[in-house]
Amino acid sequence: AQTVTQSQPEMSVQEAETVTLSCTYDTSENNYYLFWYKQPPSRQMILVIRQEAYKQQNATENRFSVNFQKAAKSFSLKISDSQLGDTAMYFCASSTSYGKLTFGQGTILTVHP
Amino acid sequence: GAGVSQTPSNKVTEKGKYVELRCDPISGHTALYWYRQSLGQGPEFLIYFQGTGAADDSGLPNDRFFAVRPEGSVSTLKIQRTERGDSAVYLCASSLTSQGTQYFGPGTRLLVL
């Protein structure tokens, strides 16, 4: 069984600043993946970043990076140089070995000009 | 190339009616997933197809829900005797393999009156 917890219902940040979204998870899987997805008001779910649990190196995608602490079961997302287009709901998720995703409750991020 | 498409975008029906929701995955993707997202919540897993077979249907809430993927491509989620509690956005995702990145469709918003 998997659980994912996002403890920040809402976050806000000024344009060009840095923000960190928190996520903790629990899983009985030995081989699993962690994800951050972005969902704007259009409701299209967009992959932001993906981390293989067996890799110690933190994943990075341009302005997005993660802090993966496997022992603590923590997986936070850092957004640098925030842009207005980053405004969206962000979901943390974990997957089983066959891709079944378990999502957290989401964090609404608002970027202010 | 074309992404995952879902039809209809919106569906309004009356309590007790039957509905079908369609998902067209990305061509060549063998894995297909259905999720349900209630307002303000993260998506919840419903069912996973590998090819034509339902490999995990543990998320289907009850026997009113059924899904098929007869040719290993298009999938249809079928809901019988709809209830007001079935109102939600139904998301479909596909991936090249079960461990690949899932690409989501725009969802079908179902409203049961």
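Summarised in this report is the structure supplied together with it. Here the residue index of a chain counts from 1 through its sequence in written order. Numbering of ligands from 1 and lettering of chains from A proceed in the order in which they are written. Only residues with pLDDT of at least 70 are given local features in this predicted model, and only at 80 or more are side-chain atom pairs given and counted; all residues enter the totals for whole chains, interfaces and linings. To get the side-chain values, take all heavy atoms of the structure and skip hydrogens and water.

### Quick look at the pattern of salt bridges
Residue and element names in this part refer to chain B. Throughout this description, the term salt bridge denotes a Lys or Arg side-chain nitrogen within 4 Å of a carboxyl oxygen of Asp or Glu. Across all of its chains, the model carries 7 salt bridges over all chains by this definition. The partner of arginine 22 in a salt bridge is aspartate 24, and the shortest N-O contact between them spans 2.7 Å. Classification of residues uses two cut-offs on accessible area relative to the type maximum, computed with a 1.4 Å probe and protein chains only: under 20% is buried, over 50% is exposed, and between them is partly exposed. Exposure remark for arginine 22: the relative accessible area of 37% places this residue in the partly exposed category. Judged by relative accessible area, aspartate 24 falls into the partly exposed class, the value being 21%. Among the ionic pairs, glutamate 83 bridges to arginine 64, the shortest N-O distance being 3.6 Å. In this pair, glutamate 83 sits in the loop between β8 (75-79) and β9 (88-95) while arginine 64 sits in the loop between β6 (53-56) and β7 (65-68), placing the two residues 19 residues apart along the sequence. Each helix is a run of DSSP H or I of at least 4 residues and each strand a run of E of at least 2, with the numbering of both proceeding from the N terminus.

### Some words on the sheet that holds strand β1 (residues 5-7) of chain B
All names here are of chain B. The strand order β1-β3-β8-β7 describes an open sheet built from 4 strands, whose pairing is antiparallel. Of all strands in the sheet, those with a lone pairing partner are β1 and β7, marking the two edges. Strand-to-strand, the axes of this sheet are offset by a mean angle of 15°, without reference to chain direction. Note that β1 and strand β3 (residues 19-24) share 3 bridges and pair antiparallel. Following the sheet pairing, threonine 7 is matched in β3 by arginine 22. Pairing between two strands is assigned when DSSP locates at least 2 bridges connecting them. Lines are fitted to the C-alpha atoms to define the axes, a helix being fitted only along its stretch in contact, and any angle between axes, read from their N-to-C directions, falls within 0 to 180 degrees.

### Notes on a nonpolar patch on the surface
Each patch is assembled from residues with relative accessible area greater than 30% and no salt bridge, linking like charges that lie within 9 Å and nonpolar side chains (Val, Leu, Ile, Met, Phe, Trp, Tyr) that lie within 5 Å. In short, Shrake-Rupley with a 1.4 Å probe defines the accessible areas, and a residue's cover is counted only from the protein chains shown. On the surface, B:Val12, B:Leu111 and B:Leu113 cluster together into a nonpolar patch covering about 270 Å² of accessible area. Mapped onto the elements of the fold, B:Leu111 is located in strand β11 (residues 108-112).

### Some points on unusual backbone geometry
Here the amide bond leading from B:Thr7 into B:Pro8 is cis, since omega sits at -10°, within 30 degrees of zero. Positioned with a positive phi, A:Arg43 is a non-glycine residue whose angle comes to about 70°. Residue classification places A:Arg43 among the buried positions, given a relative accessible area of 14%. For A:Lys73, which is not glycine, the phi dihedral falls at a positive 55°. For A:Lys73, the location among the structural elements is in the loop between β8 (64-69) and β9 (74-79). Residue A:Lys73 is classed as partly exposed on the basis of its relative accessible area of 29%.

### Here's the deal with the packing of aromatic side chains
Centres within 6.5 Å are what make two rings of Phe, Tyr or Trp a pair, Trp counting through its six-membered ring; a difference in plane orientation under 30 degrees is then read as stacked, over 60 as edge-to-face, and the rest as tilted. Counted under the stated rule, the structure contains 14 aromatic pairs over all chains. An angle of 55° between the planes, with centres 5.5 Å apart, marks the rings of A:Tyr25 and A:Tyr32 as tilted. Since its relative accessible area comes to 5%, A:Tyr32 is described here as buried. Seen in terms of ring centroids, B:Tyr35 and B:Phe45 are 6.1 Å apart; in terms of plane orientation they differ by 70°. Their pairing is edge-to-face. In this pair, B:Tyr35 is assigned in strand β4 (residues 31-37) and B:Phe45 in strand β5 (residues 44-50), connecting sequence segments 10 residues apart. When its relative accessible area of 9% is taken as the criterion, B:Phe45 is described as buried. Within the aromatic cluster, the residues linked to one another by ring pairs are A:Phe35, A:Tyr37, A:Phe91, A:Tyr98, A:Phe103, B:Tyr33, B:Tyr35, B:Phe45, B:Tyr48 and B:Phe104.

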